[in-house]
Amino acid sequence: MKRIGILTSGGDAPGMNAAIRAVTRKAIYNGMEVYGINYGFAGLVAGDIRRLEIADVGDTIQRGGTFLYSARYPEFATEEGQLKGIEQLNKFGIEGLVVIGGDGSYHGALALTRHGYPAVGIPGTIDNDISNTDFTIGFDTATNTVLDSLDRIRDTATSHVRTFVIEVMGRDAGDLALWTGVAGGADEIIIPEHDFDMKNVSKRIQDGRDRGKKHCLIVLAEGVMGGSEFAEQLKEYGDFHTRVSILGHVPRGGSPSVRDRVLASKFGGYAVELLQENKGGLCVGMVDNKLVASDIVDTLENGKHHPDLTLYDLNHELSF
Ligand code: F6P
């Protein structure tokens, strides 16, 4: 394979630029040509494609977001959209495609695979909700951003003897809430993968109060319910001077951490190696600190992401 394309799709994640850089540099180093596709699958269908040279990815490794831009493009789920995309790839002579993104982006790569077009997926999402990899690009940076907010909120919570419900993103996965809850010493972590009882939550808050504890932090994954709804339900069990803080898109931005830059660089280099060997229909991952390539059909159809629930139990023991 001599000419490959690259796009970023779905929600952006810190470290995507580092992955684009790695793909571009490694491919050029190995004598290949690289084409960047703007705005994900939407740009692919529209033919918004340009050649990437070594200098085009300079000064990008430290930048958040994605300089190839991103988009949510449900139209690519249709046969018509997919065939238009392949037509553009053929027009530019692009023989293989690297897709950086989350679950939705992988479905786009899967569709190309089913049409016999070689695509390799790189997991990039703050949600960490992709199977066949322990971590996705962007997760580490996002956890650190959330943690910074938790530490700040704890200050004001203590000053006012308040309970804070901090809603964090993650779509249907609780990883972001779980990891930041443990790191931030949260009193409660509420995630979709574990049930909870509001009466018990209120009892733990009250027990803490009775012992003279000033602050209470509850980290809530958006996949469970909204922060305001949670606070309303909690109110039925007592007045804990509750405030709600929704971190929203804040953890999606910012300069990527060391771990995310290194992970992105490794994934990018590996994806190029696979395409160079004419291997498509795969997605890369890091399992037990080793690079792996998994079948993309299997990853999407049979793989199920599981958060590390030992963290949940540990937090229960550490925060009471
Ligand atoms: O998948 C990444 C993510 O940030 C989720 O955590 C969140 O639910 C969703 O994207 C938000 O999507 P949008 O940026 O389109 O509002």
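Rules of the game
Residues numbered from 1 in each chain as written. Predicted model: local features only at pLDDT ≥ 70, side-chain atom pairs only at ≥ 80, totals over all residues. Heavy atoms only, no water. UniProt positions renumbered as here; feature names shortened; annotations may be inferred. Helix = DSSP H or I, 4+ residues; strand = E, 2+ residues; numbered from the N terminus. Rg over C-alpha atoms; globule rule 2.2 N^0.38 Å. Buried < 20%, exposed > 50% of the residue type's maximum accessible area, 1.4 Å probe, protein only. Contact = heavy atoms within 4.5 Å. Areas by Shrake-Rupley, 256 points an atom, 1.4 Å probe, with all protein chains shown as cover. Lys, Arg positive; Asp, Glu negative; His and termini not counted. Charge placed at Lys NZ, Arg CZ, Asp CG, Glu CD. Domains from an automatic or database assignment. Buried area = accessible area lost by both parts, 1.4 Å probe. Salt bridge = Lys/Arg side-chain N within 4 Å of Asp/Glu carboxyl O. Polar contact = N/O pair within 3.5 Å; in protein donor to acceptor, adjacent residues only side chain to side chain. Nonpolar A, V, L, I, M, F, W, Y, C, P; charged D, E, K, R; others polar. Expected span 1.5 Å × (residues − 1). Near = heavy atom within 4 Å. Axes fitted to C-alpha atoms, helices over the stretch in contact; angles between N-to-C directions. Parallel < 35°, antiparallel > 145°, perpendicular 65-115°, else oblique. Left-handed = near helix turned anticlockwise from the far one by under 90°.

- Under an unreviewed UniProt entry, the protein chain has the name ATP-dependent 6-phosphofructokinase and belongs to Tetragenococcus muriaticus 3MR10-3.
- Quoted verbatim from the Catalytic activity (unreviewed entry) field of UniProt, the annotation for the protein chain is "beta-D-fructose 6-phosphate + ATP = beta-D-fructose 1,6-bisphosphate + ADP + H(+)".

### Concerning the overall build of the protein chain
Phase 1 of the analysis: When you go through the protein chain residue by residue, the secondary structure sums to eleven helices and eleven strands.
Phase 2 of the analysis: For a compact globule of 320 residues, the expected C-alpha radius of gyration is about 20 Å, and the protein chain comes in at 21 Å, within 12% of that figure.
Phase 3 of the analysis: Each principal axis of the C-alpha distribution contributes one length, and for the protein chain these read about 70 × 35 × 35 Å.
Phase 4 of the analysis: Taken across its 320 residues, the protein chain has 52% of its residues classed as buried.
Phase 5 of the analysis: Excluding contacts between residues fewer than 6 apart, the proportion of contacts in the protein chain whose partners are at least 24 apart in sequence is 74%.
Phase 6 of the analysis: Carbon and sulfur atoms make up 49% of the accessible area of the protein chain, which totals about 13800 Å².
Phase 7 of the analysis: Computing the positive centroid from 32 side-chain charges and the negative centroid from 44, the protein chain places the two 5 Å apart.

### Remarks on the domain arrangement of the protein chain
Phase 1 of the analysis: For the protein chain, the assigned domains are domain 1 (3–138 + 256–302) and domain 2 (142–252).
Phase 2 of the analysis: Computed over C-alpha atoms only, the centres of domain 1 and domain 2 are separated by 34 Å.
Phase 3 of the analysis: Listed as interface residues are eleven residues of domain 1 and, on the opposing side, ten residues of domain 2.
Phase 4 of the analysis: Buried surface at the junction of domain 1 and domain 2, both sides included, amounts to about 920 Å², of which 49% is carbon and sulfur.
Phase 5 of the analysis: Looking only at domain 1, the three residues that lose the most surface to domain 2 are Asp-12, Ile-126 and Asp-127, adding up to 50% of its buried area.
Phase 6 of the analysis: Where domain 1 touches domain 2, the interface holds one salt bridge.
Phase 7 of the analysis: Notably, a salt bridge pairs Asp-12 with Arg-252, separated by 2.7 Å at the nearest N-O pair.
Phase 8 of the analysis: Applying the counting rule to domain 1 against domain 2 returns three residue pairs in polar contact (both at pLDDT 80 or more).
Phase 9 of the analysis: Classifying every residue of the side of domain 1 that touches domain 2 gives four nonpolar, three polar and four charged.

### Quick word on helix α5 (residues 139–160)
Phase 1 of the analysis: Between its terminal C-alpha atoms α5 stretches 31 Å, which fits the 32 Å expected from 22 residues at 1.5 Å a residue.
Phase 2 of the analysis: Taken as a whole, α5 has its buried residues at Phe-139, Thr-141, Ala-142, Thr-143, Val-146, Ser-149, Leu-150, Ile-153 and Ala-157.
Phase 3 of the analysis: Those residues of α5 hidden inside the fold are in contact with β6 (163–168), α6 (175–183), β8 (216–221), β9 (242–246) and α9 (258–276).
Phase 4 of the analysis: Where α5 ends, the next residue or the one after it, Val-161, has phi of about 50°, a positive value.

### Examining the site of the ligand
Phase 1 of the analysis: In the vicinity of the ligand, the residues found are Arg-72, Thr-125, Asp-127, Met-169, Gly-170, Arg-171, Glu-222, His-249 and Arg-252.
Phase 2 of the analysis: At 3.4 Å, a side-chain N or O of Arg-171 approaches an oxygen atom of the ligand.
Phase 3 of the analysis: In isolation the ligand offers 390 Å² of accessible surface; the protein chains occlude 75% of this area.
Phase 4 of the analysis: Here the shell around the ligand is composed, by residue class, of one nonpolar, three polar and five charged.

### A look at unusual backbone geometry
Phase 1 of the analysis: In this structure, Tyr-69 is a non-glycine residue whose phi angle is positive, near 60°.
Phase 2 of the analysis: Structurally, Tyr-69 can be placed in the loop between β3 (49–52) and α3 (79–91).
Phase 3 of the analysis: On the accessibility criterion, Tyr-69 (42% relative accessible area) is partly exposed.
Phase 4 of the analysis: If you check the backbone angles, Asn-128 has positive phi at about 55° while not being a glycine.
Phase 5 of the analysis: Counting through the fold element by element, Asn-128 comes out in the loop between β5 (119–123) and α5.

### Observations regarding the packing of α5 against α6
Phase 1 of the analysis: Their axes nearest at 9 Å, the elements α5 and α6 cross at an angle of 50°. Taken together, α5 and α6 sit at an angle that is classed as oblique. You can see that α5 and α6 cross each other, and the crossing is right-handed. From α5, Phe-139, Ala-142, Thr-143, Val-146, Leu-147 and Leu-150 reach across to α6, where they touch Asp-175, Leu-176, Trp-179, Thr-180 and Ala-183.
Phase 2 of the analysis: Here the residues of the contact of α5 with α6 sort into eight nonpolar, two polar and one charged.

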